[in-house]
Amino acid sequence: MLSSLVAVLPLPIIPLKRGGAVREQNDDPIETCASDPHFNYAQGTSKWRTKALWLSGNYFFPPTYNNTLLLMSTTFEIKLPPTDLHDPEALRRAVLRQGPLPAADVGEIIIERRSIDARSSRPVFRMRVSVLGPKETFTPEAPVMDAYGDVSEKPAVVIIGCGPAGMFAALELIELGLKPIIIERGKDVQARRRSLRAIQQFGTVDPDSNYCFGEGGAGTYSDGKLYTRSLKRGNFQKTLNILAEHGAQSDILIDAHPHIGSNKLPKVVANMRATILRCGGEIRFGHRMTELERDDKDIQALIIRDAEGETYRLEAKAYIMATGHSARDVYELLHRHNVRLEAKPFALGVRIEHPQPLIDRIQYRQPEREENLPASSYKLVTQVKGRGVFSFCMCPGGLVVPAATAPGEIVVNGMSLSRRDSPYANSGTVVAVELEDLKPYEKHGVFAGLEFQKDVEQRMFKAGNGSQAAPASRLTDFTKSKISKDLPDTSYIPGLIPAPLHQILPQSIFSRLQQGVQDFGRKMKGYYTEEANVIGAESRTSSPVRIPRDQMGYQHPDLPSLYPCGEGAGFAGGILSAAMDGQNVAQAVKISLLSR
Ligand SMILES: Cc1cc2nc3c(=O)[nH]c(=O)nc-3n(C[C@H](O)[C@H](O)[C@H](O)COP(=O)(O)OP(=O)(O)OC[C@H]3O[C@@H](n4cnc5c(N)ncnc54)[C@H](O)[C@@H]3O)c2cc1C
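Residues numbered from 1 in each chain as written. Predicted model: local features only at pLDDT ≥ 70, side-chain atom pairs only at ≥ 80, totals over all residues.

**What about the packing of helix H5 (residues 164-175) against helix H15 (residues 575-595)?**
Our working definition: Only the stretch in contact is used when a helix axis is fitted, and all axes are lines through C-alpha atoms; the angle between N-to-C directions ranges over 0 to 180 degrees. Every helix listed is a DSSP run of H or I at least four residues long, and every strand listed is a run of E at least two residues long, numbered separately from the N terminus. By definition in this entry, angles of less than 35 degrees are roughly parallel, angles greater than 145 are roughly antiparallel, angles of 65 to 115 are roughly perpendicular, and the rest are oblique. With the far helix as reference, a near helix turned anticlockwise by less than a right angle produces a left-handed crossing, and one turned clockwise produces a right-handed crossing. Note on contacts: residues are paired as contacts if their backbone-placed C-beta atoms lie within 7 Å. Residues are grouped as follows: nonpolar covers Ala, Val, Leu, Ile, Met, Phe, Trp, Tyr, Cys and Pro; charged covers Asp, Glu, Lys and Arg; every other residue, Gly included, is treated as polar.
It is at 7 Å that the axes of H5 and H15 come closest, and there the two elements cross at 40 degrees. Classified by the angle their axes make, H5 and H15 are oblique. Pair H5 / H15 crosses with right-handed handedness. Where H5 approaches H15, its residues Pro164, Ala165, Gly166, Phe168, Ala169, Glu172 and Leu173 are matched on the opposing element by Ile575, Ala578, Ala579, Asp581, Gly582, Gln583, Val585, Ala586 and Gln587. Counted by class, the contact of H5 with H15 contains 10 nonpolar, 4 polar and 2 charged residues.

Listed below in structure tokens is the structure:
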């Protein structure tokens, strides 16, 4: 009843959160709501959902999408063949043919959402479009950055770690009128490139500057996928807007599976740094938190070692700990000072690399990928002996990279460029590790998972040749517990070495992967092939340790000025969720400082 009422409503009126249609004549009942003093743009549109609107003599609850108010009379879904993706005329024709509006009522067309539907014989783009009337104009929303002022003289908050959690916490603090001081052990994005080259070419891992440590954290030289299952944990639209305002391609605002790519991310990160500095925040590269001072009640100060090796004391009212899940020394430091930590489940396995054209043929059912179709991806999951086995962090058209953070270990991960045009598709393929699986490591207490991870990474290194060349196997040999005679081509620059992965991996992991990948082959015909490489080890999926915090105030339960944040604290798993966690923590800091 409601949907039929909405469908016949002739009003194309959309006070969108991300900008909106403004009617020339102010006879629009929604105008009244838009100027409603209870409507809070900063908090999104949740109040809209409980507000009935007066339209054409009837009350109804307006549909919303991505925190955006939409009316079905002007918003609908269309399909476009890939060849028409960049053709505005084809888009208009599709709107007229597939939408409910006569040509005279169709003005500007706004694409709200875009995804690929590969279920039919020919893949299509599905788009949710909002159509404005001929006399309506689209008003873009004010940039988030407009809310940033000068905070140079405001109370300081210390953030340890310049990854997504730390950077987004800093921007949120600025918006809230507080001064962020970021301490980052690694280098800025430009200088960091040299460290990455040293890993790739010479196998030399700098423990302070690598694929995980440095400006932008682990997110900078990554695939830059921007989706998360924890959308409810924060304002993801605001996070995407901030990235777009700092130079990320605007496609991320509409794509169902947005990604940025490693060629663009460093620039975006450098622009975010410029914003933080311009507003009076500070970022200290090459500075590492090495110690802390505490009493029974709280932290008194952090001890920082600068790039020249000098140490200094840093005092603040709040310390945001956003050091990521690879900073093992930080967990050890906290443990040494009796800061309560908890062990948590995680996942561990391998990275599997296929030729991208093979994955495209399977997913798109085309001999060759059609123009404008992106490199295809997959998501696979199965259960083996009571544990989940699943693909993780898929990088279509990407590269496998060495992501170790210390000499003597091998860790692999995946990244891609914005065009995702490498001839390889790689994906982490991992097994869930529960705390009860860590019995042999029990003596390490809260660090059982961390020691298990470390063990696997060091065994991978020992199976190699002393460089960052990674142990590997053909997928079909892997399941037969055989060492491969030779290996398919790879994107992994340090190179691969045929190795007995079935012996190097813990049996509990290997046996599940062995069956899991064969299950995947049954679900996705063509996946199980000798053309694929299995590469060890994908061990840094998420943190094996949690730094606990209060659910409301985000403070450590024993130390009120300590705010565990992001992936390293165990409250995020990816760029977007870490960024949103940073924003939430910054808001909690502000509330706490106000109440003191
Ligand atoms: C190669 C690769 C590809 C990835 N691809 C994706 C992807 O496509 N999509 C996605 O969502 N996620 C991806 N991830 C995961 C994602 O990058 C992380 O989830 C995210 O960066 C976590 O953010 P964070 O801010 O919590 O921690 P981090 O990004 O790990 O940042 C922590 C920062 O703290 C600094 N630090 C640590 N210890 C100290 C100390 N003692 N003193 C000072 N500074 C310190 C580190 O140098 C680091 O810069 C990828 C990760 C890697 C390694």
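From this point on, the discussion continues.
**Things to note about the pairing of strand E15 (residues 311-314)**
Convention followed: Pairs of strands are assigned from DSSP output, requiring at least two bridges between the strands.
When strand E14 (residues 299-305) meets E15, the two strands line up antiparallel, connected through 4 bridges. Its bridge partner being in E15, Ile304 is matched across the sheet by Tyr312. With antiparallel pairing between neighbouring strands as the criterion, E14 and E15 make up a hairpin whose turn holds 5 residues, including Gly309 at a positive phi of roughly 90 degrees.

**Details of the sheet that holds strand E20 (residues 387-395)**
One open sheet accounts for 7 strands, arranged E19-E20-E23-E18-E26-E24-E25; its pairing is mixed. The open sheet terminates on both sides in strands that have one partner only, identified here as strand E19 (381-384) and strand E25 (496-498). Across the sheet, the axes of successive neighbouring strands diverge by a mean angle of 35 degrees, strand direction being ignored. The pairing of E20 with strand E23 (residues 424-433) spans 5 bridges and is classified as antiparallel. Directly across from Ser391, in E23, lies its bridge partner Thr429. Helix H10 (residues 356-364) rests against strand E18 (346-355) and E23 of the sheet, and its axis sits at about 95 degrees to E18. Each of E18, E23, strand E24 (470-474) and strand E26 (533-538) touches helix H11 (residues 448-462); the most contacted strand, E26, lies at about 135 degrees to it.

**What about the site of the ligand?**
Condition: Should the C-beta atom of a residue, placed from the backbone, lie within 6 Å of a molecule or strand, that residue is near it.
Every one of the 44 residues lining the ligand counts as a neighbour, but Gly161, Gly163, Gly217, Gly324 and Gly566 are closest to it. Counting residues per element, the ones that place at least two in the shell around the ligand are H5, strand E11 (179-184), strand E13 (288-294), strand E22 (412-416) and H15. Looking at the shell around the ligand residue by residue, the class counts come to 21 nonpolar, 17 polar and 6 charged.

**Topic: the packing of H5 against helix H8 (residues 265-278)**
The interhelical angle for the contact between H5 and H8, taken along N-to-C directions, is 35 degrees, at an axis separation of 10 Å. Where H5 crosses over H8, the handedness of that crossing is left-handed. Of H8, the residues touching H5 (which contributes Met167, Ala170, Leu171 and Ile174) are Met272, Thr275 and Ile276. Tallied by class, the residues present in the contact of H5 with H8 amount to 6 nonpolar, 1 polar and no charged.

**Description of the nonpolar core**
Inclusion rule: Joining buried Ala, Val, Leu, Ile, Met, Phe, Trp, Tyr and Cys residues through C-beta atoms within 7 Å gives a set, and that set is a nonpolar core. Each residue is classed by its C-beta neighbour count within 10 Å, where at least 20 other C-beta atoms makes it buried, 12 or fewer makes it exposed, and intermediate counts make it partly exposed; the C-beta atoms are placed from backbone geometry. Per the annotation, domain bounds derive from an automatic or database assignment of domains.
Membership of the largest hydrophobic core comes to 132 residues, with the highest contact counts inside it found for Ala169, Tyr319, Ile320, Met321, Tyr563 and Cys565. Element by element, the count of residues in this core is highest for H15, at 9 residues. Looking at this core, you find at least three residues from each of domain 2 (145-341 + 547-595) and domain 3 (343-538). Not counting residues up to four positions away in its chain, the partners in contact with Tyr563 are Ala318, Tyr319, Ile320, Met321, Tyr554, Gln555, Val585, Ala588 and Val589.

**Examining unusual backbone geometry**
A cis geometry characterises the amide bond from Gly536 onward to Ala537, with omega recorded as -5 degrees. Structurally, Ala537 is set in strand E26.

**Here we look at the sheet that holds strand E8 (residues 124-131)**
Spatially, E6-E8-E7 is the arrangement adopted by the 3 strands of the open sheet, whose pairing is antiparallel. Strands at the two margins of the open sheet, each flanked by one partner only, are strand E6 (75-80) and strand E7 (109-117). Between one strand and the next, the sheet's axes are offset by a mean angle of 25 degrees, whatever the strand orientation. Sheet topology note: the E7/E8 ladder contains 8 bridges and is antiparallel. Opposite Arg114, over in E8, you have Met127 as the bridge partner. Most of the contacts of helix H4 (residues 88-98) go to E6, to which it runs at about 120 degrees, and overall it touches E6, E7 and E8.

**A closer look at the environment of Val95**
Topologically, Val95 is positioned in helix H4. On the neighbour-count criterion, Val95 (20 C-beta atoms within 10 Å) is buried. Residues Val95 and Leu80, 15 residues apart in the sequence, show an inter-C-alpha distance of 9.7 Å. Residue contacts for Val95: discarding those within four places in its chain leaves Ile78, Val106, Ile109, Val129 and Val131.

**As for helix H9 (residues 328-336)**
Worth spelling out the cut-off: By arc we mean the arc of the directions from the helix axis to the C-beta atoms, nothing more.
Looking at H9, one finds that the buried residues are Val330, Tyr331 and Leu334. For H9, the buried positions fall inside an angular range of 100 degrees around the axis, keeping them on one side. Buried positions along H9 lie against H11 and strand E27 (545-546). Immediately beyond the C-terminal end of H9, within one or two residues, lies Asn338, with a positive phi of roughly 55 degrees.

**With respect to the confidence of the model for the protein chain**
As a reminder of what qualifies: Confidence of the predictor at the level of single residues is given by pLDDT, which spans 0 to 100.
A residue-level look at the protein chain finds 87% of positions with pLDDT of 70 or above and a mean pLDDT of 88. Within the model, pLDDT remains below 50 along residues 1-73, and this stretch shows 107 contacts once partners closer than five positions in the same chain are excluded.

**Some thoughts on helix H14 (residues 507-523)**
Note the following rule: How far a helix is expected to stretch is found by multiplying one less than its residue total by 1.5 Å.
Between the first and last C-alpha of H14 there are 24 Å, a value that for 17 residues agrees with the 24 Å anticipated at 1.5 Å per step. Among the residues making up H14, those that are buried are Ile509, Phe510, Arg512, Leu513, Gly516, Val517 and Phe520. Considered in projection along H14, the buried side chains sweep an arc of 165 degrees and stay on one side of the axis. With respect to the buried face of H14, the exposed residues turned more than 90 degrees away are Gln507 and Arg522.

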